[in-house]
Amino acid sequence: MRMTETSDLWWKNAVIYCLDIETFFDADGDGIGDIAGLAERIDYLAELGVTCLWLMPFYPTPDRDDGYDVTDYYGVDARLGTHGDVVELIRTAKDRGIRVIADLLINHTSDQHPWFQQARQSKENPYRDYYVWRADPPPDTADQVVFPDKEDSIWELDEKTGEWYLHHFYKHQPDLNIANPRVRDEIWKTIGFWLELGLDGFRVDAVPYFLSDVGLTAEQRDVDDPHTYLRKMRAFLGRRHGDAILLGEVNLPHEEQRTYFGANGGDELHMMFDFIAMQNLYLSLAREDARPLTRALLERPAIPADCQWATFVRNHDELTLDKLSEDERAEVFAAFGPEKEMQVFGRGLKRRVPPMLEGDPRRVRMVYSLLFSLPGTPTLYYGEEIGMGEDLRAEGRMAVRTPMQWSAGAAGGFSTAVPGDLVSPVVEGGYGPAHVNAASQVRDPDSLWSFMRGLIQTYRSCPELGWGDFEVLDQPHRQVLAHRSTWRTASVVALHNLGPEPVTVPLTLDVPPDSALIDLLQDGTCQVGPDGAVELQLEGYGYRWLRVRHDGERRLP
Ligand code: NOJ
């Protein structure tokens, strides 16, 4: 293996961990998590094996979209800390071998942003063109809104100037006019600013939405096509910080997603979340049938060598099922969120993984084993490593944005503030801190946390998974996914049983004579027959990772 190459393209086999500072750890006891608190907990993340931290927005905000509504791209939300705290955090993380990326929110600002406050003063205001306006009444756009519970149009009338402004998301989030060179300058400066402070890249919010605005005013300006703009962004990033990444939120069918990696060997986004595989994974789990997931993985288009899929089973938003058919979505709802209060926006779930799987530890571990074995770079959402649950009393997506559960103590050890002062209530009941917390799991070798740490270590020692070619192995059980990732001379076979019954999986492997399979997650070795035939046992909801080893190979398992 060429070490230089693998360490350069660090995102190909990173372990990304997403968190919101305000719900992670409160160091000053005011009830709101803060940057200093997160810095204190970096060792916890290093111990788990995280290699890249993704910070959700920490910029000044009126907080009407949990910080995704920004009033100053260069600022730090005073409730969370200062620029000094950010720099200390990044320095501490880097010292422990953890890179830090953060949300880049350039589709829209808050309507409280000084630019928008100016823009709505008059049609002649110099900031007017920072946003997208139309003079004629808009058509019905109800089918284009992202939040159908709150909005029925992507255009909002601004009373004072009598024109409508574009907002793909909430009406308090006007879309920026990316075609405007002055806006572009602000974006370059924003990227440059945070890179100078030490960030290693960005999770780029709502990519197809802001790119769709690029052409809106084409006749007025010399604008690029959307992909030229993305290429310029990538080139700028690369000039400023050679190994920084753009990890895009692009929830589109695979073929469309492919174009956002760029045409020329990968010159646009470095990474994209694979929403399609995620949604089909839930369909597979609901059916106890690996075929939907298998199909989604096989349908993935080939991507440039420097690019990568980011895999995940939970994020900070609704667990969206929007790319499934109505019937498929209904199946997943029936299996994992049958009550109305468990669903949101008619397309997603408010729940976290363990409650959806009725707390069955075999099934939960199988899902994370599967996640880490899939081709791509796994992304965890805070609390997944200890199996946190959701708070269904909270509105919509807030159900999964509850305080991190550090201990069995008051407020789950998140804060010393009284409950009424907490940024959001702590989960109660069976998934509350008395039953689910980091302190007890870190000490317990049989806990989910210890399992995850082991899984992460093994994943990090298998560059085949992030780098290799993926193939699905033929075998007769529909509830089983058997796949193999091969990179240069190294190869890992992974088996996952989505069903509750034990199975014996016969495989025929294309391997050199006298090959053996070495179990990587538990003890065990089995010899492959002369014709490549081997039979492997799987428990109900069982999982195995096996490295192919053969005589003459110099690598250790
Ligand atoms: C995408 C983010 O993931 C989501 O949380 C946010 O509400 C929207 N962008 C709008 O800002």
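Analysis parameters
- Residues numbered from 1 in each chain as written.
- Predicted model: local features only at pLDDT ≥ 70, side-chain atom pairs only at ≥ 80, totals over all residues.
- Heavy atoms only, no water.
- Buried < 20%, exposed > 50% of the residue type's maximum accessible area, 1.4 Å probe, protein only.
- Helix = DSSP H or I, 4+ residues; strand = E, 2+ residues; numbered from the N terminus.
- Pairing = 2+ DSSP bridges.
- Right-handed = clockwise from strand over helix to strand, strands pointing away.
- Phe/Tyr/Trp six-rings, centres within 6.5 Å; stacked < 30°, edge-to-face > 60°.
- Near = heavy atom within 4 Å.
- Polar contact = N/O pair within 3.5 Å; in protein donor to acceptor, adjacent residues only side chain to side chain.
- Areas by Shrake-Rupley, 256 points an atom, 1.4 Å probe, with all protein chains shown as cover.
- 1 Å grid on protein atoms, 1.4 Å probe; cavity = no way out; pocket = protein on both sides within 12 Å on 5 of 7 lines; lining within 4 Å.
- Sits in = over half its atoms within 2 Å of the grid points.
- Nonpolar A, V, L, I, M, F, W, Y, C, P; charged D, E, K, R; others polar.
- Salt bridge = Lys/Arg side-chain N within 4 Å of Asp/Glu carboxyl O.
- Points joined across faces, edges and corners; volume = space filled by probe spheres on them.
- Domains from an automatic or database assignment.
- Axes fitted to C-alpha atoms, helices over the stretch in contact; angles between N-to-C directions.
- Parallel < 35°, antiparallel > 145°, perpendicular 65-115°, else oblique.
- Left-handed = near helix turned anticlockwise from the far one by under 90°.
- Contact = heavy atoms within 4.5 Å.
- Buried area = accessible area lost by both parts, 1.4 Å probe.
- Core = buried A, V, L, I, M, F, W, Y, C linked by side-chain atoms within 4.5 Å.

### Concerning the pairing of strand β8 (residues 245-248)
What you see with β8 is no split at all: Ile245 and Leu247 on one side and Leu246 and Gly248 on the other are buried throughout. Pairing geometry for β8 and strand β9 (residues 271-273), over 2 bridges, is parallel. Note on β9: the bridge partner recorded for Leu247 is Met271. In this view, the connection linking β8 to its parallel neighbour β9 by way of helix α9 (residues 254-259) has right-handed handedness.

### A word on the packing of aromatic side chains
Geometrically, a pair of aromatic rings is defined through the distance of the ring centres and the angle of the planes. Applying the stated criterion across every chain, the model contains 36 aromatic pairs. Each ring, one from Trp10 and one from Trp11, has its centre 5.8 Å from the other, and the planes form 85 degrees; the classification is edge-to-face. You can call Trp10 buried: its relative accessible area is 6%. What makes Trp11 buried here is its relative accessible area of 4%. Residues Phe147 and Phe169 carry aromatic rings whose centres are separated by 5.9 Å and whose planes lie at 50 degrees to one another, so their mutual orientation is tilted. Of this pair, Phe147 sits in the loop between β4 (133-134) and β5 (155-158) while Phe169 is found in the loop between β6 (163-166) and α6 (181-196), placing the two residues 22 residues apart along the sequence. We classify Phe169 as buried; its relative accessible area is 11%.

### Thoughts on the site of the ligand
Near the ligand there are 13 residues, and of these Asp65, Asp205, His316, Asp317 and Arg397 occur at the shortest range. Note that an oxygen atom of the ligand is positioned 3.1 Å from one of the side-chain N or O atoms of Arg203. Within the contact set of the ligand, an oxygen atom lies 2.8 Å away from a side-chain nitrogen or oxygen of Arg397. Contact with the protein chains removes 98% of the 300 Å² of surface that the ligand exposes when unbound. Given that more than half its atoms are within 2 Å of the pocket grid, the ligand belongs to the largest pocket. Residues that form the shell around the ligand fall into these classes: 3 nonpolar, 3 polar and 7 charged.

### Let's talk about unusual backbone geometry
Despite not being glycine, Asp66 shows a phi value in the positive range, around 50 degrees. By the secondary structure assignment, Asp66 is in the loop between β2 (52-55) and α4 (83-95). Even without being a glycine, Arg488 presents a positive backbone phi close to 55 degrees. Along the chain, the position of Arg488 falls in the loop between β16 (480-487) and β17 (490-497).

### A closer look at the sheet that holds β4
Pairing within the open sheet is antiparallel, and its 3 strands lie in the order β4-β6-β5. The open sheet terminates on both sides in strands that have one partner only, identified here as β4 and β5. Here β5 runs beside β6; their pairing, made up of 4 bridges, is antiparallel. Bridge pairing in β6 links Trp155 to Leu166.

### Remarks on the pattern of salt bridges
Counted by the stated rule, this structure contains 34 salt bridges. Residues Arg397 and Asp65 are paired through a salt bridge, measuring 3.1 Å at the closest nitrogen-oxygen approach. In this pair, Arg397 sits in the loop between β14 (377-381) and α15 (438-443) while Asp65 sits in the loop between β2 and α4, placing the two residues 332 residues apart along the sequence. As far as the burial class goes, Arg397 and Asp65 line up, both buried. Among the charged side chains, a salt-bridge network with shared partners connects Asp65, Asp66, Asp317, Arg397 and Arg401.

### Observations regarding the layout of surface pockets
Space inside the largest pocket adds up to approximately 660 Å³. For the largest pocket, the lining is made up of 31 residues, of which Val146, Phe169, Tyr209, Glu249 and Asn251 are closest to its centre. Of the residues assigned to the lining of the largest pocket, the class counts are 12 nonpolar, 7 polar and 12 charged. Shared between two domains, the lining of the largest pocket holds at least three residues of each, these being domain 1 (10-62 + 80-96 + 246-459) and domain 2 (114-166).

### A word on the packing of α6 against helix α8 (residues 226-240)
The interhelical angle for the contact between α6 and α8, taken along N-to-C directions, is 30 degrees, at an axis separation of 10 Å. If you check the angle between α6 and α8, you find them roughly parallel. Between α6 and α8 lies a crossing of right-handed hand. Within the contact between the two elements, α6 uses Arg184, Ile187, Trp188, Ile191, Gly192 and Leu195 and α8 uses Tyr229, Lys232, Met233, Phe236, Leu237 and Arg240. By residue class, the composition of the contact of α6 with α8 is 8 nonpolar, 1 polar and 3 charged.

### Looking at the domain arrangement of the protein
By domain assignment, the protein separates into domain 1 (10-62 + 80-96 + 246-459), domain 2 (114-166) and domain 3 (469-550). One C-alpha centre belongs to domain 1, the other to domain 2; they are set 33 Å apart. Across the contact, 4 residues belong to domain 1 and 5 residues belong to domain 2. A per-residue breakdown of the area domain 1 buries against domain 2 is headed by Phe345, Arg347 and Glu395, which together make up 83% of the total. Linking domain 1 with domain 2 are 1 salt bridge, by the criterion used here. Lys150 is paired through a salt bridge with Glu395; the nearest N and O atoms lie 3.1 Å apart. Our count for the domain 1 to domain 2 interface comes out at 2 residue pairs in polar contact (both at pLDDT 80 or more). Within the side of domain 1 that touches domain 2, the residues separate by chemical class into 1 nonpolar, no polar and 3 charged.

### Here we look at the nonpolar core
Among the nonpolar cores identified, the biggest contains 148 residues, and Tyr17, Leu45 and Tyr282 are the most heavily contacted of them. Excluding anything up to four places from it in sequence, Leu45 contacts Tyr17, Leu19, Phe24, Leu38, Val50, Leu53 and Ile98. Core analysis: the second largest hydrophobic core is formed by 18 residues, Leu473, Leu507, Val528 and Val534 among them.

### Here's the deal with the sheet that holds β16
Spatially, β15-β16-β17-β22-β19-β20 is the arrangement adopted by the 6 strands of the open sheet, whose pairing is antiparallel. Of all strands in the sheet, those with a lone pairing partner are β15 (469-472) and β20 (525-527), marking the two edges. Each adjacent strand pair in this sheet contributes to an overall mean axis angle of 25 degrees, direction not counted. As paired elements, strand β19 (residues 516-519) and strand β22 (residues 543-549) share 4 bridges and run antiparallel to each other. Across the sheet, Ala516 pairs through a bridge with Arg549, a residue of β22. Taken strand by strand, helix α11 (residues 291-299) contacts β15 and β16, and its axis lies near 145 degrees from that of β15.

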